[in-house]
Amino acid sequence: MSSGATTRANPDVESYGGKAGIWFLVASELILFGSLIMCYLLMYSSRPDWDAGRAELVPAMGILNTVILLVSSWCAVMAHAAVDKGDLKLAQKRLIYTLLLAGAFLVVKGFEYSSKFHHGHYPNSGGFFTFYFTLTGLHALHVIVGMIAIGGLVYAQSVDRLKLYPQRVELVGIYWHLVDVIWIFLFPLLYLS
Amino acid sequence: MPSNYTEHEKHYTHILWILLGVFAISIVGSYIGLPQWAVQIIVFGVALVKAFYVIKHFMHLPQEAGVMIASVSAPLILIAVFLILIWPDFGYVGTNMEYLK
């Protein structure tokens, strides 16, 4: 028997391996975003002219997106709780809510981007807006990856396969909470301070 | 809160309300005309509190094996060291690009 089959047959082993993988991913993401944020702080602290760029952001949109991500994070952990009590249908329902909220986040971000483009601010404009588009764009990319992963779990339940690997709801949830944690720091950094 | 919620579900819902509450504090704090340094302490302090709650209660990091906690702690420590090391450059490098050459 191949080692892959052995691993698949033991949910505990798969769960541990999956958890190690997802936490190593979290660690690498922390380095990626941590470095970018440090670069932003280093440049911003000596560029008073960047305040003019920041003043053009609409904090209401950032506030709305923060609430959306916090609630979506709650939906994801509630899906995990539903798996714990053996109700995969309920878990699927809560994952769909998470997915819808992730979509809402991207719609708000899309409105924000279109407003910036309308005012002539692009990723290659230089200064504040280059950092703004890099940080938020990279974060939005992570939101899209999370949506694909959550969509995969929703689909798995719809074809009755989620019961084979229910622990993946927790793993995808950990990734989704990471997306939330990153935004928790990006929001005050770009919109409030 | 629905009565059929388990203890875990009630706990997660409670944490959500805490997160929304402290978030509201940071919004109010940034709009009541405080000095910028005070606003920065409030908004980044609240961000740290929110991140702590999400990592502890939603991601369950403290319940993971030591190697996983270490794998996440190491980059956080490195970022903190990085921040301390570049602190003297804050307010200087941006307007003195030749300094980087």
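Model, not experiment: these values are computed from the prediction.

Caption draft 1: Local environment of the overall build of chain B. Helix and strand content of chain B: three helices and zero strands. Each helix and strand of chain B, placed in order from N terminus to C terminus, yields the pattern α-α-α. For chain B, buried positions account for 39% of its 101 residues. In chain B, once contacts between residues fewer than 6 apart in sequence are set aside, the share between residues at least 24 apart is 40%. Looking at chain B as shown, the accessible area adds up to about 6,100 Å², and 71% of this sits on carbon and sulfur atoms.

Caption draft 2: Region of interest: the pattern of salt bridges. Residue and element names in this part refer to chain A. Inspection of every chain in the model, using the stated rule, returns eight salt bridges over all chains. Measuring nitrogen to oxygen at the nearest pair gives 3.1 Å for the salt bridge that ties Lys19 to Glu170. In this pair, Lys19 sits in helix 2 (residues 11-44) while Glu170 sits in helix 7 (residues 168-192), placing the two residues 151 residues apart along the sequence. Judged by relative accessible area, which is 16%, Lys19 ranks as buried. With relative accessibility at 15%, the residue Glu170 sits in the buried group. Across the salt bridge formed by Lys163 and Asp160, the nearest N and O atoms sit 3.1 Å from each other.

Definitions and limits used
Residues numbered from 1 in each chain as written. Chains lettered and ligands numbered in written order. Predicted model: local features only at pLDDT ≥ 70, side-chain atom pairs only at ≥ 80, totals over all residues. Heavy atoms only, no water. Helix = DSSP H or I, 4+ residues; strand = E, 2+ residues; numbered from the N terminus. Buried < 20%, exposed > 50% of the residue type's maximum accessible area, 1.4 Å probe, protein only. Contact = heavy atoms within 4.5 Å. Areas by Shrake-Rupley, 256 points an atom, 1.4 Å probe, with all protein chains shown as cover. Salt bridge = Lys/Arg side-chain N within 4 Å of Asp/Glu carboxyl O.

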